[in-house]
Amino acid sequence: RMHKKGDAILVERATGKQVHHFDAGDVSAPQDITFSANGKMLATINRTGVIRLWDTATGKMLHSMHTDASEGLYFRLRFTAKDKTLVSTTMKYGERFQTSQIIEWSTATGLAQARKDGPQNMYWCQALSPDGKLLAWGGRHSKRLNELVEVWSVDKQDVRQTCDGVRGGVRLLGFSPDNRLLAT
């Protein structure tokens, strides 16, 4: 569970007992939180775009990474490549529109390995594919675009597919573990 003061708390599901309290001294709760596939690491990103990587066995902070994002926008995280890479999506205010960036981080060093431009004016509803190669996003509330989902190729930095007609608008997105299906 995420604590309202900005730290994260790891709780044993069966007993409800607190295992670790991951405290970075923030005053805002994490915006996204994700476990590595092997469960040995936990990554959080706060509303200012700061990523923290934690050791789940000890509760120790392994790395703090800064994304250079605009505070209060929407961010997502995903472990890929057998937990050796953490992928983040961040947004930043520009002069005429919001820009987005997809960053691949080394979990061993905490350093950015690659930075790629993402879609402009991306909205809050986002999902990264399990391999980190696709970004789906939707939910913009203008000109019926709330019923539109774009699937973005991270490597090619362009729209790979558009899905139209999501009745009621896009609220949640999720990829299947094999990247073949996208649910809205």
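That block above? That's the structure.
Definitions and limits used
- Residues numbered from 1 in each chain as written.
- Predicted model: local features only at pLDDT ≥ 70, side-chain atom pairs only at ≥ 80, totals over all residues.
- Heavy atoms only, no water.
- Helix = DSSP H or I, 4+ residues; strand = E, 2+ residues; numbered from the N terminus.
- Buried < 20%, exposed > 50% of the residue type's maximum accessible area, 1.4 Å probe, protein only.
- Contact = heavy atoms within 4.5 Å.
- Pairing = 2+ DSSP bridges.
- Axes fitted to C-alpha atoms, helices over the stretch in contact; angles between N-to-C directions.
- Salt bridge = Lys/Arg side-chain N within 4 Å of Asp/Glu carboxyl O.
- Core = buried A, V, L, I, M, F, W, Y, C linked by side-chain atoms within 4.5 Å.

Caption draft 1: Structural view of the overall build of the protein chain. Each helix and strand counted, the protein chain has zero helices and 16 strands in total. Here the protein chain, with 184 residues, has 46% of them falling under the buried criterion. Of all intrachain contacts in the protein chain linking residues separated by at least 6 positions in sequence, the fraction that spans at least 24 positions is 34%.

Caption draft 2: A look at unusual backbone geometry. The backbone of glutamine 157 shows a phi angle near 55°, a positive value even though the residue is not glycine. Mapped onto the elements of the fold, glutamine 157 is located in the loop between β13 (148–153) and β14 (158–164).

Caption draft 3: View of the sheet that holds strand β3 (residues 32–35). Within the open sheet, the four strands sit side by side as β3-β4-β5-β6. Their pairing is antiparallel. Taken across any chain shown, the strands that pair with only one partner, and hence form the sheet edges, are β3 and β6 (61–66). Put simply, the sheet's adjacent strands are angled 15° from each other on average, direction ignored.

Caption draft 4: Inspection of the pattern of salt bridges at higher detail. Using the criterion set out here, one finds two salt bridges in the structure. The partner of lysine 92 in a salt bridge is aspartate 68, with the nearest N and O atoms 3.0 Å apart. Of this pair, lysine 92 sits in strand β8 (residues 85–93) while aspartate 68 sits in the loop between β6 and β7 (76–80); the two residues are 24 residues apart in sequence, bridging distant segments of the chain. You can call lysine 92 partly exposed: its relative accessible area is 33%. The exposure class of aspartate 68 is exposed, given its relative accessible area of 57%. Between lysine 116 and aspartate 155 there is a salt bridge, with the nearest N and O atoms lying 2.9 Å from each other. Of this pair, lysine 116 sits in strand β10 (residues 112–117) while aspartate 155 is found in the loop between β13 and β14, placing the two residues 39 residues apart along the sequence.

Caption draft 5: Region of interest: the nonpolar core. Core analysis: the largest hydrophobic core is formed by 23 residues, its most contacted members being Ile51, Leu86 and Leu135. Only β4 (41–45), β5 (50–55), β7, β8, β9 (98–106) and β12 (134–138) provide two or more residues apiece to this core. Not counting the four nearest positions on each side in its chain, leucine 135 is found in contact with Thr89, Ile102, Pro119, Met122, Gln126, Ala127, Leu128, Glu150, Val151, Trp152 and Val154. Grouped together as the second largest cluster of nonpolar side chains are ten residues, Ala127, Val149, Val170 and Leu173 included.

Caption draft 6: Spotlight on the pairing of β4. Across the five residues of β4, five count as buried, placing the element largely inside the fold. The alternating pattern of β4 places Met41, Ala43 and Ile45 and Leu42 and Thr44 on opposite faces, both of which are buried. Where β3 folds back on β4, the antiparallel hairpin that results is connected by five residues, among which glycine 39 adopts a positive phi of roughly 75°. Alignment of β4 against β5, held across five bridges, turns out to be antiparallel.

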